[in-house]
Structures are given as C-alpha cells and as structure tokens.
Amino acid sequence: MIQQRAPAPDSLSYLESASMMSGTLESLSGLGEDGSSIGSDSEINGLTVRRTDKYGFLGGSQYSEGRWECDKDIRVDVARQRELKWLDMFNNWDKWVSRRFQKVKLRCRKGIPSSLRAKAWQLLSNSQELLDSNNGKFEELEREPGDPKWLDIIEKDLHRQFPFHEMFAARGGHGQQDLYRVLKAYTVYRPEEGYCQAQAPVAAVLLMHMPAEHAFWCLVQICETYLPGYYSAGLEAIQLDGEIFFSLLRRVCPMAYRHLKKFKIDPILYMTEWFMCVFSRTLPWASVLRVWDMFFCEGVKIVFRVGLVLLKQMLGSVDKLREVQGMYETMERLRNIPPESIREDLLVQEVVTLAVTEALIERECHIQVKKWRESRGELTHQPARRLHGTRSIHECKRRASAISSGGSFSFLGSIPPPGPLRPSNSLLSLPGFRKSKTPFMSNKKSSFSGASGLEAMPPHNPSAPASGAALKPPMSGGPVARAPPTPSPLVGSAPGPSAGPAPTSAPSQPAASAPAVTRPALNTLSPKITSEQVTPTLPSPTANNTPLSPGTDSAREEGEEDKKKKKSKEDKKKEKEEEKRREKERKEREKAEKERQKKEKKKDKGGKGKDKGGGEADDNNGAAPPRDAA
C-alpha cells in the first residue's frame, strides 16, 4: 500500500514516481511496441521498460526521441573528425588554453562530442587536477559518518532527480546510490555549507557522464569556482545575481523589463531554479548539454545570457505580452516554457550573439553590491571569488603555482631576488661607473681588465710595510688604520695613459728609489683627469679590498647629485611660482585693458552725442545772422 503525499516541487509528482516504481508505467505506454531491456535499473518488478532516447530518458518532458524532424545525427566521418580534434587538444591542453583559447571556446560552442564530454568537462573546470592531487580523498569522505540532518534530506530528494532517466528510475539503483555518495561527501567536505536541494540535479547531470569520484570534484568546482555562494545558507549570492540579471534585462529587452516591473515580479521568483540548477530542469536535454558545454568553458556569463534569451523569447514582443495579462499568467509562462519556442540551434545562436560580457557583469556586480550595502548592510558572500570560465581558472592556477614554487613573479612586477652582490651588476651600480661616459674598455691601463680588476695595479713592493698594512681589510672592533695620502701616479699633465710616477735612471735601481713607485692607497681621493677621458680605477667587489671611505669621489659626487637635485627642485618650484605670478599679472593687465577700452568706448559715444549737439548749435548760430538781417 503506497501512502499518498503532496506532490513534490518537481516536474514529476511523487504519485507518478511511486506508480513508476510499482511497475504501472502508464506514462510510458505510448513509446512503441518494440521493447528492449536497458539494464537492471530499468527492470522494475520484472517488467521490462520500453526503449529510451539517445540520452537515456524513458519519457517525461525531456524525452526527445522523434520530437523534432530536423534532429538528425551528424555523419560518422564528421563526428570522428571532431573527436580527433578534441583528442589532440587533450594531449596539449595547457598550450591550447594559454595560446589558442578562442579556438577552444569556438569548439565548445559547436558542441563537445558525447563520447568525450566527461573528459572535456573535467579539463575545462580543472577538476581533473583536483582529482589527481587528492587521491583517496573521496573514499575518506565517504567513510565519515556525516551530519544526520543533511543525510535525511538527501535521502528524501533522491527519487525526485530525473525519475524518467534510466540511471535514476529504480529506487535504490546504482544511480541513486552514487548520487547519495556524492552529496554526502560534499556535506562532509564543506560542513559550513551543508546540502542544498539545488545541488542534487547538478550532481545527477554530472553522474550521467562520469563516475562518482569524478563527479564529486566537478561539483566542488561548480560550487566554489563557477557559482560560489549559490548553495550557502541565506542565498545571498543568488539574490545579488538576481539584481544583476534584472539590471541587464533593462539593457537587453526593455519591454520584458517593464512588464515584469509592472506586475512586481522579482527575479528571485523565476530565475532561482534556472541559475542554481543551470537550466537542467528547464530546457530540452539537447539544449541543456549545449548550455553546459559553454558554461564550463566561459563561466556564469552563459547562465546570464541564457536567462536573458529566454525572457526575450517569452516576453519580448507585443503579441506575446497580450497572452500574459497578469502576474499569475506571466509566472506560469516562465515556469513552463514550451520546448517548441527554445530550439537548440536557435537558442545557441541567440546566446552566442548576445552582447553581455564578463566586464559588464562585473560592473553591474559592483553597482549592486554598493546598493546592497547601503540598504541591507554588509555581505557575507564574496562576489570576487567567482572565476569566469576556463581561462580565468587557468590564470589563477598559473599564479598559484608560480607563488608556491618561487618562480616567475612577472604578474607582480619586477622584484629582484635578495642575495649578495654579483660581479655582473654590482660594478655598474657603483657611482664611478654611472658617472663615466666612456665605454668600458680593457685596453687602458687605468681601467679594469679582469674579473677582479687587479691587473691594472702595480705590483706590491715588499719593502714598503706601511702601504702593505694599509691594504689589509679592517678588523671589527677596532679603529681602521688609514694610510697617509700619497701622490697619485696620474697627477700631472701626463701625455697618455702610460704615464707613471717620477722617471728612474735604470730598471735595476736599488731599493732606495722604491718609495717613489709605491702603490696608491685605495682609500685616497681619486684624481680628476682633464687631459683625456680615463675611467678611475675602482676596487673590485669580488676581491678582498678595503671598503671605500666616506670621503671618496663617489660620496662627493653623490652629495653633489643630492645638492643638484635639491637645487633643481627649488628652481622648478621658483619657476612655477614665477610663471603663476606672470600669468596673474598678464590676466590683470588684460582685465585693465578691457576696462580701459570699455571706458574709451563710452567716452567715444558721449563725444559723438556732444558733436551732434554742437553741430546743430553751429547751424543755428550760422543761420541767426540772416534772420537778424531779415
């Protein structure tokens, strides 16, 4: 005896599902006489179910066998060619996504081959990498007991998910068992979110194409990357997207927008099931698969576009608005969209050509978030977590791998790695090399000719202990002994770079003349050479040299540079003030000139009037004598 309950909020009521489980199957009686067995789940109470369509549906609103005359399978050679193209992309997936993503997007819009759809969805959503990096995690989650509150709700929802599909037709069959495993594992994986009833049809669609473990990680990517916050408590994300959707409708179809606003039909009343189930309960199944192909590739933008196209088709003309003259009629039309009005080819064409971009969605999102905070307070949901499709996921993965491996930080800017000075770049960073305009040449004796730069220095004289002691590195904890300044070998008007110290009588001179050839101390001031451009000899950073003293040319030049910079800043400031003062004086002069011209014009007008009056008086005076004479 089957206990009758209220109809479930699905396209199929609980009574119809129960009658199907008992073997009556009255709704499938008109499918034809040539019955064939389709597996253990379809043999209910010993009765063999009639044949299914090519998607596995036994009947119901999404049964599509022979519905459209133009629904013809593509030729075998064309299908094989498409499969080979997708297999080639699978072998070099990262390269295709990073370099030829537009081609990947075009092929997703054409439709992924049925035999490769599971693999393509996993690669597009990056769930394949999650599966590989979390080996054995799904089994661990299955072994956890789980929250009884969520498990009871999941058990009640199992029979409501696609009861006319061969995979979920039998109560307790392998389809419902896998669905229970996936949903329970997600409640253990994300206990703060738990279970939402809209997750069940999404997981069921995934299970139609892939095993339970693969479907679980794909569901994780949908809930956390594509539609973050949709299945959390409070449903803030879906409410926010409803406001974004209504704002976009105003741009795309103002007629439908005015009609819905006239009857005060909020977007949350009709678009919740569309968005949260990704149209799996709304469209014909062929259209559902095409929408999911594009959704995994391009992200939530496709969901917005499909919803806008549906409203445009249902409420986008005067004739269609005449059929729905109230709120009740409008809601019935939006909840029960006739399949004839949303053909697969027309729907995909409209979705592809609709001008709703990711940038437009993000801009509307910022506007609606600001309005939300002003009216309702702070959001617990973070809209920035959402990634728009495969390309965004790939870029995020590349950045995360670069940060974790300590590799290239090109997306963060050029950050030099810390470390000791290197001979390749530390020499050029010294002030002497920055200031010198001569090229770095090794044929001059006064410049560096080797890695350490010691070849240009004269040999050390052992008979000069003072100069040798000055070359030793300073010891920490005591004062540094500095050598007295000695005359540089380059001082004077030397004819060329070969000029040296005072000439000697013979090369084999006794040690008495040795002090004249003593090596100059490194901490002395370098001479200023005016006869020719010779780069001063500087100590090598790689050799064991005495550090440069604060009184060197480099410090002096740096101080001069700082003074010049300060002077240049002050000069620029004074020039700006002078320009402002001149501009102000010029404006005052122009103003005074205008006032003077106005006064002159007034005077000219007054003078002309007087001249006229004076002329008349002259005429009268001139005419007076004849009158007197008369």
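See the structure above.
Residues numbered from 1 in each chain as written. Predicted model: local features only at pLDDT ≥ 70, side-chain atom pairs only at ≥ 80, totals over all residues. Heavy atoms only, no water.

Attention now moves to a positive patch on the surface. Residues K594, K598, K599, K601, K602, K603 and K605 make up a contiguous surface patch of positive charge. If you trace the backbone, K601 turns up in helix 25 (residues 553–629). Owing to a relative accessible area of 56%, K601 belongs among the exposed residues under this scheme. (Patch = residues over 30% accessible without salt bridge, like charges linked within 9 Å, V, L, I, M, F, W, Y side chains within 5 Å. Areas by Shrake-Rupley, 256 points an atom, 1.4 Å probe, with all protein chains shown as cover. Salt bridge = Lys/Arg side-chain N within 4 Å of Asp/Glu carboxyl O. Lys, Arg positive; Asp, Glu negative; His and termini not counted. Charge placed at Lys NZ, Arg CZ, Asp CG, Glu CD. Helix = DSSP H or I, 4+ residues; strand = E, 2+ residues; numbered from the N terminus. Buried < 20%, exposed > 50% of the residue type's maximum accessible area, 1.4 Å probe, protein only.)

Once that is clear, we can look at the nonpolar core. The nonpolar side chains of soluble globular proteins are, as a tendency, buried together. Among the nonpolar cores identified, the biggest contains 117 residues, and L206, Y270, W274 and W292 are the most heavily contacted of them. Considering each element in turn, this core owes the most residues, 11 residues, to helix 16 (residues 300–315). Setting aside its immediate chain neighbours within four residues, L206 contacts W121, A215, C218, L219, I222, W292 and F296. (Core = buried A, V, L, I, M, F, W, Y, C linked by side-chain atoms within 4.5 Å. Contact = heavy atoms within 4.5 Å.)

This next bit is on the packing of aromatic side chains. Tallied over the entire structure, the rule returns 24 aromatic pairs. Pairing Y189 with F216 gives two aromatic rings, centres 5.7 Å apart and planes at 85 degrees, and the pair type is edge-to-face. Residue Y189 is found in helix 9 (residues 174–189), and its partner F216 is found in helix 11 (residues 212–226); the two are separated by 27 residues along the sequence. Ring geometry for Y189 against W217: centres 5.6 Å apart, planes inclined by 85 degrees, an arrangement best described as edge-to-face. In this pair, Y189 is assigned in helix 9 and W217 in helix 11, connecting sequence segments 28 residues apart. On the accessibility criterion, W217 (0% relative accessible area) is buried. Members of the aromatic cluster, each reached through a chain of ring pairs, are F245, Y270, W274, F275, F279 and F304. (Phe/Tyr/Trp six-rings, centres within 6.5 Å; stacked < 30°, edge-to-face > 60°.)

What follows deals with the pattern of salt bridges. Pairing is possible between side chains of opposite charge, provided their charged atoms come close. Across all of its chains, the model carries 28 salt bridges by this definition. Its salt-bridge partner being D293, residue R117 comes within 3.0 Å of it at the nearest N-O pair. Note that R117 is positioned in helix 5 (residues 117–125) and D293 in helix 15 (residues 285–298), a separation of 176 residues in sequence. A relative accessible area of 0% means that D293 is categorised as buried. Here the salt bridges share partners, and the residues they tie into one network are R109, E298, K301 and E358.

So, on to the packing of helix 9 against helix 10 (residues 199–207). Between helix 9 and helix 10, whose axes approach to 10 Å, the crossing angle comes to 125 degrees. Considering the angle they form, helix 9 stands oblique to helix 10. When you trace helix 9 past helix 10, the crossing you get is right-handed. Contacts between helix 9 and helix 10 involve G175, D178, L179, V182, L183 and Y186 on the former and, on the latter, Q199, A200, A203, A204 and L207. The residue makeup of the contact of helix 9 with helix 10, split by class, is 8 nonpolar, 2 polar and 1 charged. (Axes fitted to C-alpha atoms, helices over the stretch in contact; angles between N-to-C directions. Parallel < 35°, antiparallel > 145°, perpendicular 65-115°, else oblique. Left-handed = near helix turned anticlockwise from the far one by under 90°. Nonpolar A, V, L, I, M, F, W, Y, C, P; charged D, E, K, R; others polar.)

Shape is all these values report; function is a separate question.
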